[in-house]
Amino acid sequence: MTDHPTLDRSPFLQGPYAPVTEEITAFDLPVTGTLPAELDGRYLRNGPNPLGLDDPGSHWFLGAGMVHGVRLRNGRAEWYRNRWVRSRHVAEALGEKWPGGPVHAGMDFAANTHVIAHGGRTLATVEAGALPYELTEELDTVGPCDFDGTLPGGYAAHTKLDRRTRELHAVAYFWAWDHVQHVVVGPDVQVSGTADVPVADGPMMHDFALTERYVVLLDLPVTFSMAAAAAGAQLPYTWNPSHQPRIGLLPRNGTTRVVRWFEVDPCWVFHTLNAYDDGDRVVVDVCRYEGSYDLSALIGKGPLTLDRWTVDPTTGTVNQQRLDDRPQEFPRVDERVLSRPHRYGYSAVTGEVSHATVQMDGTFQDAAFADALLKHDLATGTVETHRFPGDAAVGEAVFAPSASDGAEDDGYVMAFVHDPERGAADLVILSAQDFTSAPVARVHLPKRVPLGFHGSWIADQ
Ligand SMILES: [Fe+2]
């Protein structure tokens, strides 16, 4: 019998994680403050929302995806909607007919991790072998998406859009593959190219980074474990001390797309903030869990910090610099600078998530368990903190520009934040350049939004 740690699941079905039980459509939402008239579009966010509480064995990451969205137009909050993603299982559980469509390797899943738009399509995304699901503008499920048959395998939760080429990059992994797959989807929403990169042990690659020259791969020692799977782990990716942690630079272009690998110290990274080329070197900013991480049980000792890796191909080394020692996650940039040098970054300190995913050995300060959004100025090394009251359960913040051709950081930072007094969520909109002041607007939603994962501001074209 494998001595495998079990996940204490109860936190992920309670409190700020507790799933909601209804799909709601609400119009003309009340707003405190003034909604910026230039915010014309949809803020969408995905996250797990189990259909019921009768499956206490569920890992946080395995609940059926539910997308929450708010439509802003002309200074008004036109609507709020929340919709489950209709996989076959979800559709049948809701007494509906599954719309049908392609399935990779038998892994139909209600994509629960991210929601993006590309080429006019809205996609809920997930990783580890399953396909995205396409949604309508109003979050109804169209069906699974394999980019009109052009995607050879599964897809990925995290994607990076190069705004100049309009190419959407992703790195797909699947436990049964002996490689990971870089996938480029063109502006026509068809796969325009793939590159298979051999890897050992079936590593989880939740996120990656993009520069103008490279796809930056994170081959870290959280790998598929048959033993954990046999022991009943629902998400059997565990710490594998024999797997050398390394960063890979895969050239984006050229006929021989050979990865060059660079060793790093043992760590785990869910998310990158951004990356860019700096002369011959490559700068990669990440939220990094030091030491080992067992993803099947969400156990790591940390510390969890914002770090900068500078990869130097000339010397073959990686320099590591600590940017901020507060435990933070969900790092995001102004996506107009993605793959190019960024000055600013936004991230979230969510006490409940820090508690649940990092078991620090007494070095966590109380402030770490607060709820706050952080704005990093990486040119000056300063951080601004927008604090929320206890129990606010602030989630990932997304940047929305004031104008498409404006400067980096000229815009707004928005996130779902729980309002304990109302027992419901607000869409909180901060001015990025007046970050610590009161929000410019709070859109009051009719219900809670459980703590979830990632989202996008999708401006109208
Ligand atoms: Fe993620």
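Here the residue numbers are simple positions, counted from 1 along each chain's written sequence. Side-chain atom pairs in this predicted model are given and counted only at pLDDT of 80 or more, local residue features only at pLDDT of at least 70, and totals for whole chains, interfaces and linings cover all residues. Computation of side-chain values covers all heavy atoms of the structure but excludes hydrogens and water.

K.L.:
Tell me about the sheet that holds strand 34 (residues 455–459), residues and numbers included.
P.N.:
Here five strands make up an open sheet; going across it, the order is 1-5-4-3-34 and the pairing antiparallel. For this open sheet the edge positions go to strand 1 (25–27) and strand 34, each flanked by a neighbour on one side alone. In this sheet, adjacent strand axes meet at a mean angle of 10° when their direction is disregarded. Two strands pair under a simple rule: DSSP has to find at least two bridges between them. Strands here are runs of E lasting at least two residues and helices are runs of H or I lasting at least four, both read from the DSSP assignment and numbered beginning at the N terminus. One ladder, built from eight bridges, connects strand 3 (residues 41–48) with strand 4 (residues 65–73); its direction is antiparallel. By the bridge assignment, Gly-41 is partnered in strand 4 with Leu-72. Here, axes are lines fitted to C-alpha atoms. For helices the fit covers the stretch in contact, and angles between N-to-C directions go from 0 to 180 degrees.

K.L.:
So, the confidence of the model for the chain: which residues are in play, and what are the values?
P.N.:
Per-residue confidence for the chain gives a mean pLDDT of 93; residues scoring 70 or more make up 94%. A low-confidence stretch, residues 1–8 (pLDDT under 50), is modelled with 18 contacts involving residues beyond four sequence positions or located in other chains. The predictor attaches a confidence to each residue, and that confidence, scored 0 to 100, is pLDDT. Here a residue-residue contact requires only that any non-hydrogen atoms of the pair lie within 4.5 Å.

K.L.:
So what's going on with the coordination of the iron ion? Which residues, and what values?
P.N.:
His-158 (NE2), His-206 (NE2), His-271 (NE2) and His-454 (NE2) make up the full set of protein donors to the iron ion, lying at 2.0 to 2.1 Å. Around the iron ion, the four donor atoms are arranged such that angles at the metal cover 92 to 162°; this shape is classified as irregular. Donor atoms: N, O and S within 2.8 Å of the metal, or within 3.2 Å for Na, K and Ca. Because water is excluded, sites can look incomplete. We note that the donor set of the iron ion lies within a single chain, spaced as H-x47-H-x64-H-x182-H. Of the two residues, His-158 sits in the loop between strand 9 (141–144) and strand 10 (159–162) while His-454 sits in the loop between strand 33 (441–444) and strand 34, which places them 296 residues apart along the sequence. Each member of the pair, His-158 together with His-454, is buried. Every angle between 85 and 135 degrees makes a four-donor site tetrahedral, while opposite donors more than 155 degrees apart, with all other angles between 65 and 115, make a four-donor site square planar and a six-donor site octahedral; other sites are irregular. Note on exposure labels: buried denotes an accessible area under 20% of the residue type's maximum, exposed denotes more than 50%, and partly exposed covers the range between, all computed with a 1.4 Å probe on protein chains only.

K.L.:
Any chance you could break down the pattern of salt bridges for me, citing the residues and the numbers?
P.N.:
Think of a salt bridge as a Lys or Arg side-chain nitrogen and an Asp or Glu carboxyl oxygen that are within 4 Å of each other. One pass over the structure, following the stated rule, counts 34 salt bridges. Residues Arg-252 and Asp-162 are paired through a salt bridge, measuring 2.7 Å at the closest nitrogen-oxygen approach. Of this pair, Arg-252 sits in the loop between strand 18 (246–251) and strand 19 (260–263) while Asp-162 sits in strand 10, and the two are 90 residues apart along the sequence. Side by side, Arg-252 and Asp-162 carry an identical accessibility label, which is buried. Through salt bridges with shared partners, a single ionic network connects Arg-288, Glu-290, Asp-307 and Arg-322.

K.L.:
Describe in detail the packing of aromatic side chains, supporting the description with residues and values.
P.N.:
Geometrically, a pair of aromatic rings is defined through the distance of the ring centres and the angle of the planes. We call Phe, Tyr and Trp rings a pair once their centres come within 6.5 Å, taking the six-membered ring for Trp, and we label the pair stacked below 30 degrees between planes, edge-to-face above 60, and tilted otherwise. In the structure shown here, the tally under the stated rule is 17 aromatic pairs. An angle of 80° between the planes, with centres 5.4 Å apart, marks the rings of Trp-268 and Phe-270 as edge-to-face. There is no split in this pair, since Trp-268 and Phe-270 are both buried. Ring centres of Tyr-346 and Phe-399 lie 5.5 Å apart, and the angle between their planes is 10°; on these two criteria the pair is classed as stacked.

K.L.:
How would you sum up the nonpolar core? Please name residues and give values.
P.N.:
Grouped together as the largest cluster of nonpolar side chains are 56 residues, with contacts concentrated most on Trp-268, Leu-295 and Trp-309. To qualify as a nonpolar core, a set must consist of buried Ala, Val, Leu, Ile, Met, Phe, Trp, Tyr and Cys residues joined through side-chain atoms within 4.5 Å. Counting 23 residues, the second-largest nonpolar core is a separate cluster that includes Ile-24, Tyr-43, Ile-429 and Leu-445.

K.L.:
Requested: an account of the side chain of Thr-113, with residues and values cited.
P.N.:
Tracing the chain through its elements places Thr-113 in the loop between helix 1 (88–93) and strand 6 (114–118). By the criterion applied in these results, polar contacts are pairs of N or O atoms within 3.5 Å in which, for protein atoms, one can donate a hydrogen and the other can accept it, and in which residues neighboring in sequence qualify only through two side-chain atoms. Side-chain polar atoms of Thr-113 contact the side chain of Asn-112, separated by 2.7 Å. Residues contacting Thr-113, with those up to four places away along its chain left out, are Asn-46, Thr-125, Val-126, Ala-157, His-206, Phe-453 and His-454.

K.L.:
Describe in detail the layout of surface pockets, supporting the description with residues and values.
P.N.:
Of the two site types, the cavity is a set of points on a 1 Å grid over the protein atoms alone where a 1.4 Å probe fits but cannot get out, and the pocket is an open set with protein on both sides within 12 Å along at least five of seven lines, each lined by residues with an atom within 4 Å of a point. Grid points are joined across faces, edges and corners, and a volume is the space filled by probe spheres set on the points. Taken as a whole, the largest pocket encloses approximately 1200 Å³ of empty space. Taken together, 50 residues line the largest pocket, and the ones lying closest to its centre are Leu-161, Arg-163, Trp-457, Ile-458 and Ala-459. Of all the secondary-structure elements, those providing two or more residues to the lining of the largest pocket are strand 6, strand 10, strand 14 (209–210), strand 20 (267–278), strand 26 (329–332), strand 30 (398–401) and strand 34. Take the lining of the largest pocket: its biggest share by element is five residues, from strand 20. Each residue belonging to the lining of the largest pocket can be placed in one class, and the counts come to 21 nonpolar, 15 polar and 14 charged. Put simply, the second largest pocket is a space of about 610 Å³. If you go around the second largest pocket, you meet 31 residues; those closest to its centre are Phe-61, Leu-62, Val-126, Glu-127 and Leu-235. Put simply, Ala, Val, Leu, Ile, Met, Phe, Trp, Tyr, Cys and Pro go in the nonpolar bin, Asp, Glu, Lys and Arg in the charged bin, and everything else, Gly too, in the polar bin.

K.L.:
I'd like to hear about the sheet that holds strand 10, residue by residue, with values.
P.N.:
Strand order in the open sheet formed by four strands is 10-11-12-13, with antiparallel pairing between adjacent strands. Here the strands that pair on one side only, and so sit at the sheet edges, are strand 10 and strand 13 (191–198). Pairs of neighbouring strands in the sheet enclose a mean axial angle of 20°, with direction left out of account. Of the pairings in the sheet, the one linking strand 12 (residues 179–185) to strand 13 comprises seven bridges and is antiparallel in character.

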